[in-house]
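# Observations on the model geometry
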Amino acid sequence: MTTGTSIVGLGMTELGRVYGRSPRRLAADAVRLAAADAGLELGDLDGLLVSHGMGGSPGIELADTLGLRDLRLLSLINSYGATAGAMVSYAAMSVLNGSATTVACVFADAPLKPKQSAGSAYNRDAREWYGFGGMTAALGLRSVNSFYALTAQRHMARYGTTSEQLGAIAVSTRAWAAGNPLAQMREPITVEDHQDSRWVSEPLHLLDCCLVSNGAVAVIVTSDDRARDLARPPVHLLGWGQGHPGHRKERGSDFGLTTGAAASGATAMKMAGVTVSDVDVCELYDCYTYTVLVTLEDYGFCGKGEGGAFAASGALGPGGALPTNTGGGQLSGYYMWGMTPLSEAVIQARGDGGERQAPSNDVILVSGNGGILDHHATLIVSPHAKGA
Amino acid sequence: MDIGVLRRDGRTDPFFDGTAADRLVIRRCEACDRWFAPDASGCPGCGEEDLAWAEASGAATLVTWTILPKEPPAFLALVELAEGPWLHARLDGASRADLREGLPLRAAFEHPDEGESYVLFRP
């Protein structure tokens, strides 16, 4: 009976303004790269979990594209930005209970089109609007930027969080990106640059918002027993959890102020047998600077309402006490939804971070966030097996 | 920022009949004595899917807001109706100095030349 599972392969296509490949083709390329990285043949895979962003799903037909046969696990998975963590946990549970042995988990997206701005890929525009959803957009709430702006503003009004504190997250994340050859934005920035960047939807500046990227990322999950014989050192999956608070939009709601990280993190850390004080590195879903701030609070790295001061203390950047988003995250690295933090966690756990390698990597916390702070997933990964 | 032209779909007739008559009509579960936003699909208390339509007072308070950098700036918000539900909304006649949690607001109805009437919220 297998007692532990690991990520043994990581495949990343070219990321960013990569045109001419469909989500299915990108996903297939990432799975091939992940298998090669692990030292596996495609035929060794008996499970495939598929996820997607805005540019259409690769579909479970991806198995056909890859020529996979006799799979014992094949499914689309969708918890929005929490999908990557959820997908890996389902793969691990399938391996643990014996229903599959070697499962590829892939995300692909191609929202960017040539000669189109990154923002327009996530923006709605029309002359006529239909129904209640259309009415909200017609009144001006047309971009996810504005919905996250509502959450950040609520935290600011409630706790005195400032735009400069959000800027500290943009700055520390960019400082990490400078050491990542795969990052799309590597030029260092200052809090002043953040303050000078244009308003997207107050209180969010342009530099509070993530990138938009085309590409695909895949990982392969198998048992620790099998992992020992493969090409790369295993990245052990010590714990996982999810949290979906179901905030209602009505009197008394904490919408915008709290996330599923509290429940998700507690579940994952308990399973891993660690606490926040054991965490060496955080790879957090950073669709916006504010997402990082509120997620750190809900995991318990600081108190509720203290996330701004914590970020501004310098803890998150290179040389800080809690290296966070060491590859530049989604803000400065690449936007592969939950695969952005997961891929960097694998790189850090393997010690492959080069000049951005964190000084200690024994316990790495990975988060995913979906909807408007509606869905959360956590993974705890390590170069060491549980209890080792 | 222009407010686009609003059109009905199959679910919005009572709401837009209301805005045309300067009335804010939202959903209500009579059995549970609970009010819901006009786009609610059902009552999570009892499972009722055929919620009634009922007129709200039009009184509201500000929950949170965002300002779009347009000329003039567009003030967008989540507002809490006196009956309890929150609505995504646009503010009218608000200034930056006004904005705070709990700011009292009042529904105001606009009747454009083209498309359905809609509701804004004024301090």
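Not measured: the values here are computed from a predicted model. (Residues numbered from 1 in each chain as written. Chains lettered and ligands numbered in written order. Predicted model: local features only at pLDDT ≥ 70, side-chain atom pairs only at ≥ 80, totals over all residues.)

This part covers the sheet that holds strand E8 (residues 215–223) of chain A. Residue and element names in this part refer to chain A. The mixed open sheet is built from nine strands, whose spatial order is E3-E2-E4-E8-E1-E9-E12-E11-E10. Looking at the sheet topology across the chains shown, the edges are occupied by strand E3 (73–76) and strand E10 (281–283). Shown here is a sheet whose adjacent strand axes are inclined to one another by a mean of 25°, direction ignored. Of the pairings in the sheet, the one linking E10 to strand E11 (residues 364–370) comprises three bridges and is parallel in character. Residue pairing across strands places Glu283 opposite Val366, the latter belonging to E11. Contacting strand E1 (5–12), strand E2 (47–52), strand E4 (102–109) and E8, helix H1 (residues 23–38) crosses the sheet at an angle of about 125° to E1. (Pairing = 2+ DSSP bridges. Helix = DSSP H or I, 4+ residues; strand = E, 2+ residues; numbered from the N terminus. Axes fitted to C-alpha atoms, helices over the stretch in contact; angles between N-to-C directions. Contact = placed C-beta atoms within 7 Å.)

Residue and element names in this part refer to chain A. Partitioning chain A into structural domains gives domain 1 (5–112 + 212–224) and domain 2 (143–211 + 235–388). Summarising the inter-unit geometry, the C-alpha centres of domain 1 and domain 2 are found 23 Å apart. On the domain 2 side, the residues contacting the 26 residues of domain 1 number 31 residues. Those elements giving two or more residues to the side of domain 1 that touches domain 2 turn out to be E1, helix H3 (83–96) and E8. Among the elements that line the side of domain 1 that touches domain 2, the one with the most residues is H3, at seven residues. Residue composition of the side of domain 1 that touches domain 2, grouped by class: 14 nonpolar, 11 polar and one charged. (Domains from an automatic or database assignment. Nonpolar A, V, L, I, M, F, W, Y, C, P; charged D, E, K, R; others polar.)

Residue and element names in this part refer to chain B. Sheet architecture is open: five strands sit in the order E7-E6-E5-E8-E9, paired in antiparallel fashion. Each edge of the sheet is formed by a strand with only one pairing partner; in this case those strands are strand E7 (86–90) and strand E9 (118–122). Taken over all neighbouring pairs, the strand axes of this sheet differ in orientation by 40° on average, direction set aside. Here strand E5 (residues 59–68) runs beside strand E8 (residues 104–110); their pairing, made up of three bridges, is antiparallel. Across the sheet, residue Ala60 finds its bridge partner in E8, namely Leu105.

Working note: α-helix, 3.6 residues per turn, so residues spaced by three or four point in the same direction. Residues and elements named next belong to chain A. For helix H13 (residues 339–350), spanning 12 residues, the distance from its first C-alpha to its last is 16 Å, which sits close to the expected 16 Å at 1.5 Å a residue. Of all 12 residues in H13, 11 are buried, a share of seventy percent or more. Gly351 sits one or two residues past H13 and shows a positive phi near 75°. (Expected span 1.5 Å × (residues − 1). Buried ≥ 20, exposed ≤ 12 C-beta atoms within 10 Å, placed from the backbone.)

What follows is about the UniProt feature "domain: ChsH2 C-terminal OB-fold" (unreviewed entry) in chain B. The UniProt feature table records "domain: ChsH2 C-terminal OB-fold" (unreviewed entry) at residues 53–110 of chain B. Each end of residues 53–110 of chain B is marked by a C-alpha atom, and these two atoms are 21 Å apart; helix forms 0% of the span and strand 57%. (UniProt positions renumbered as here; feature names shortened; annotations may be inferred.)

What follows deals with the interface of chain A and chain B. Each partner contributes to the interface: chain A provides 28 residues, whereas chain B provides 31 residues. If you list the elements that add at least two residues to the side of chain A that touches chain B, you get strand E5 (128–130), helix H4 (131–139), helix H5 (144–159) and strand E6 (199–201) of chain A. Looking at the side of chain A that touches chain B element by element, the count peaks at seven residues for H4 of chain A. Within the side of chain A that touches chain B, the residues separate by chemical class into 12 nonpolar, eight polar and eight charged. Pairing of E5 of chain A with strand E1 (residues 5–7) of chain B, which is carried by three bridges, proceeds in the parallel orientation. Among the inter-strand pairings, Glu128 of chain A is bridged to a residue of E1 of chain B, identified as Val5 of chain B.

Once that is clear, we can look at the pairing of strand E2 (residues 25–29) of chain B. Residue and element names in this part refer to chain B. Counting buried positions along E2 yields four of five residues, so the element is predominantly enclosed. Here four bridges tie E2 to strand E4 (residues 52–55), and the two strands are oriented antiparallel to one another. Considered in E4, the bridge of Val25 is made with Glu55. Here three bridges tie E2 to strand E3 (residues 34–36), and the two strands are oriented antiparallel to one another. Note on E3: the bridge partner recorded for Cys29 is Arg34. Between E2 and E3, which pair antiparallel and follow one another directly, the connecting turn spans four residues, one of which, Asp33, has a positive phi of 55°.

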